Amino acid sequence: MSTHKFNRREFTKKMAATGAAITVGSRSELAGAPPEQEAGAHDWLQAKNYLRDTLGADLSKDTLYRIGRVASAVEEDGDVLFTAPLVTLSPQLKDGAEAGTAYIRVRLYGDQIVRMLISRTKRAFADESPMLEWSPTMKKTPARLSKDENSWVVWSDRMARFKTGPADFAPVISPDGMVNIEFQGQDHFVETSGQWDSFAALFLDRARGPATTGISLHLHPGEHFCGTGERFDRIDLFGRQIDLVNVDALGVNNDRAYKNIPFLMSSRRYGLFARSTVRMRLDIGHHSTRAVQWLLEDDALDIFFIGGGTPERVLFNYRSITGFPKMPPVWSFGAWMSRMTYHSDKEVSGIAARLREEQYPFDVLHLDTGWFAQEWKCDWTFSNERFPDPPDFFRRMREQGFRVSLWQYPYVNRDLPLAKFALERGFVGRPTDPTSGVDLGFTIDFTNPAAVAWYQEMLERLLKMGASAIKADFGESIDTQAIYKGATAAEYGHLFPLLYQRAVWEVTNKVRGENIEWARSGWAGSQRYPVHWGGDSACTFDGLAGTICGGLHLGLSGFGLWSHDIPGFYGVPNFMTTKPSPELYIRWTQVGTFTSHMRYHGTTPREPWEYPSVSDIARQWLRFRYALLPYLLTQAEQCCKCGYPMFRALVIEWPDDATVWGGSDEYMLGDAFLVCPVLNSSGERDVYLPGAKWVDFWNGRIITGPQQLKQVKSPLSRLPLYVRHGARVEFAEPVQCTDLLPKARRFSILFDEGYQGYDKSELKSVVDL
């Protein structure tokens, strides 16, 4: 082992005096580092390097530019257009020559949103995009420009909204007059060191690969962040580096995600939304703890700075740009039963009969991958042998109060005769490499209107036959080597799930007049087409915990309605054959009861009688779900009009409470219920009650928060559940399906000092827990 000793003080003096800097492409960031570091003895243990680890750049081959001081500004068609010089940076991150011009266009919307486009050519804003669904209230506000000795200022109604500084381009943006969002400038060790950790605004041209554009915002001490789509981790994203790249996440306990959303929200009551479908990287205090860095693989960045004063209003404003969820039909809020997979009319008919015979309330039966001639080989056609008369099958299910949902995916299997037809007509991406693509088949090209019409015709036939909903599975991956009609592969990757889900929603709405599908992938705008579910979770308590995290983050990213597979999707240790424990079955059922939509699904049977030791408890929780339907429907209607999700992280209502930023295992269901899932087999957990007055649902005890309750013990039939003091909740006498709901007896309970607990309530007479 080397005995070389690294003297930090001498090293710092040397850096400041000589300007020594990193050696680009070396294994160590530190000039003068110990020999074992320099030799890269442990290649995976390296000092953090901004160029390598954040930008992915090698300046011996690539060219990096920063934006200099603003040179000019002009009002143009209600916008303001700034120009500034581009300055090249050497491999030592020192300024080189000026090399062209940066254009910065600024637009104001109302009194709470500022939009900025930075590019290297003069461009206009693009207001037409599948990502955007503008609210009628979202109006462009004319921007006014003024200049003082040191800066340019963009105004509206006597309020400064955008102000440049006296040095390099590093503006301060105030979208709503309540919060100032500062760009992070001068993020370096000493000027002569060449050791930078962020740039206020940059462009990167790569010798190989796409260009990159990025900005850095000042991160305040104690600032918290959330959003970005599914994250299977705690709520606060501070310290994370997140790549917004959709993939099949293969579970819910890793750093991958089915649904990435280019939206980030701060505890300081502002949000950021990038209008793009390319791959992105967000460095949220990960490399530099004083910078939020937003990078995307494009030569321009179109980004919205969204104010509002509260998290709910920030989310409302984001939805006013990208669209609000559409209200699904009443029956979709009933329970769904599924497995991977039912294979025949006879099998499904038996399941339906037994659910009704044993009085388990359900509204939907889902056929997964097994209704085709060959399992998984989706040709949008029923097996003639196993489903000999589909219209009759749908009719009989409907007579028993069931709707039927059908699985399919957005690919054409190469082995099917349909593949040749789709290729010849350009309905799928044209492969340029026979070895490329996705395992499931050719990627349908939803940028081609003819392909969309062909795809929707196949779904329309099924919907007219009697299907009530389409499961829009997959959609995370495309053939990146194929050619698409209306987008490059880089653009289509994240446009794909959005266009796919829009196509499913459109044809379902056309045929059935209802807003429903069951989707897994997503991007900004996908929230318009509910319902999305959380993906393929493990049948374990940590799978349940990860699922809850993912749902909470999705609600913090603009989605209002959401679901998950009860009690997890795949078995552990055996993926296809290990059944979840009875305890997990009930604990996950409880979370499903308090979710906007409730579906059982997985690789082994999910019917309650398959878990005989807890089947009676499951029946009562299903009855509780149906008793809650009046409340659920009211809350869903509200969530489709405001910024709230139904499955609601506590930070939305208590953004100043540092405790809730660190948690991810409690949530609000709508306005009234605080749900504290049990995530272990012991039945014990700690409970945190945020700052409000709460009523214990089970015993009527009134507790004032904020307060920590330690080691709260719950029997398997119950979980810690609290109701906001003063809430009046409407219930219905449980029915076997929502067809019967209009005639069900209704009653309401006021949760205040007069509430004496569940056992003495009217609810106890219809739900026995």
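All figures in this text were calculated on a predicted structure; none of them were measured in a lab.

### Comments concerning the overall build of the protein chain
A count of helical and extended segments in the protein chain gives 14 helices and 45 strands. A compact globule built from 769 residues should have a C-alpha radius of gyration of about 27 Å, and the protein chain, at 28 Å, falls within 12% of that. Dimensions of the protein chain, computed from C-alpha atoms along their principal axes, come out at roughly 85 × 70 × 65 Å. For the protein chain, long-range pairs separated by at least 24 residues make up 69% of all intrachain contacts whose partners lie at least 6 apart in sequence. As displayed, the protein chain has an accessible area near 28,100 Å², and 50% of this comes from carbon and sulfur atoms.

### Things to note about the pattern of salt bridges
This model, assessed by the stated rule, comprises 58 salt bridges. A salt bridge links Glu653 to Arg724; the nearest nitrogen and oxygen atoms lie 2.8 Å apart. Of this pair, Glu653 sits in the loop between strand S36 (647–648) and helix H14 (658–661) while Arg724 sits in strand S43 (residues 721–724), placing them 71 residues apart in sequence. Residue class for Arg724 comes out partly exposed when judged on its relative accessible area of 22%. With a closest N to O distance of 3.2 Å, Arg745 and Glu733 form a salt bridge.

### Overview of empty space enclosed by the protein
The final tally for this structure, using the stated rule, is 2 cavities of 30 Å³ or more. Quantified by volume, the largest cavity comes out at close to 40 Å³. If you go around the largest cavity, the residues you meet are Gly551, Leu554, Gly555, Phe559, Gly560, Leu561, Trp562, Pro645, Met646 and Phe647. The biggest single contributor to the lining of the largest cavity is helix H10 (residues 541–555), with 3 residues.

### Things to note about unusual backbone geometry
With an omega dihedral of 15°, the bond running from Val572 to Pro573 counts as a cis peptide bond. Turning to its location among the elements, Pro573 is positioned in the loop between strand S34 (565–566) and helix H11 (582–593). Omega for the peptide link from Gly705 to Pro706 comes to 5°, which places this bond in the cis form. For Thr228, which is not a glycine, the phi torsion comes out positive at approximately 70°. Mapping Thr228 onto the fold places it in strand S16 (residues 225–229).

### Considering the nonpolar core
By size, the foremost hydrophobic cluster in this structure holds 221 residues, and its most contacted members are Ile215, Phe305, Tyr455, Phe594, Phe673, Phe697 and Leu763. In terms of residue count, the dominant contributor to this core is helix H9 (residues 489–512) (11 residues). With sequence-adjacent residues up to four places away left out, Phe305 is seen in contact with Gln112, Ile113, Val114, Met116, Ile173, Pro175, Ile181, Phe183, Ile215, Leu217, Gly271 and Leu272. Core analysis: the second largest hydrophobic core is formed by 13 residues, Leu55, Ala57, Leu64 and Leu202 among them.

### Some points on the sheet that holds S36
If you trace the 6 strands from one edge of the open sheet to the other, you get S36-S37-S38-S43-S40-S41, paired in antiparallel fashion. Only two strands of the sheet have a single partner each, and these edge strands are S36 and strand S41 (702–704).

### Focus on the sheet that holds strand S7 (residues 144–147)
Judged by pairing direction, the sheet is antiparallel, and its 5 strands sit side by side in the order S7-S8-S9-S10-S11 without closing on themselves. Edge positions in the open sheet fall to S7 and strand S11 (181–182), since each of these has one partner strand only. Judged from the 4 bridges that link them, strand S8 (residues 152–156) and strand S9 (residues 159–163) form a sheet pairing that is antiparallel. Residue pairing in the sheet places Val153 in a bridge with Lys163 of S9.

### A short note on the pairing of strand S29 (residues 469–472)
Side chains Ala469 and Lys471 project from S29 onto one buried face, and the interleaved Ile470 and Ala472 project onto a second face that is buried too. With 4 bridges joining them, strand S25 (residues 403–408) and S29 adopt parallel strand pairing. Residue pairing for S29: Trp407 is matched across the bridge by Lys471. Relative to strand S31 (residues 518–519), S29 is paired through 2 bridges, and the arrangement is parallel. By the bridge assignment for S31, Lys471 is matched with Trp518.

### Section: H10
With 15 residues, H10 ought to run about 21 Å at 1.5 Å a step, and its terminal C-alpha atoms sit 21 Å apart, in line with that. With 13 of 15 residues buried, H10 lies mostly within the body of the structure.

### Describing the environment of Ser344
Note that Ser344 resides in the loop between strand S23 (335–337) and helix H5 (345–357). Exposure remark for Ser344: the relative accessible area of 17% places this residue in the buried category. Along the chain, Ser344 and Ser664 lie 320 residues apart, while their C-alpha atoms are 40 Å from each other. What Ser344 contacts, discounting residues up to four positions off in sequence, is Arg386 and Phe387.

### What to know about the confidence of the model for the protein chain
Per-residue pLDDT for the protein chain averages 92, and the proportion of residues at 70 or more is 93%. Confidence over residues 1–41 falls short of pLDDT 50; this stretch has 59 contacts with residues more than four positions distant or in other chains.

The rules we used
- Residues numbered from 1 in each chain as written.
- Predicted model: local features only at pLDDT ≥ 70, side-chain atom pairs only at ≥ 80, totals over all residues.
- Heavy atoms only, no water.
- Helix = DSSP H or I, 4+ residues; strand = E, 2+ residues; numbered from the N terminus.
- Rg over C-alpha atoms; globule rule 2.2 N^0.38 Å.
- Contact = heavy atoms within 4.5 Å.
- Areas by Shrake-Rupley, 256 points an atom, 1.4 Å probe, with all protein chains shown as cover.
- Salt bridge = Lys/Arg side-chain N within 4 Å of Asp/Glu carboxyl O.
- Buried < 20%, exposed > 50% of the residue type's maximum accessible area, 1.4 Å probe, protein only.
- 1 Å grid on protein atoms, 1.4 Å probe; cavity = no way out; pocket = protein on both sides within 12 Å on 5 of 7 lines; lining within 4 Å.
- Points joined across faces, edges and corners; volume = space filled by probe spheres on them.
- Core = buried A, V, L, I, M, F, W, Y, C linked by side-chain atoms within 4.5 Å.
- Pairing = 2+ DSSP bridges.
- Expected span 1.5 Å × (residues − 1).
- pLDDT = per-residue confidence, 0-100.

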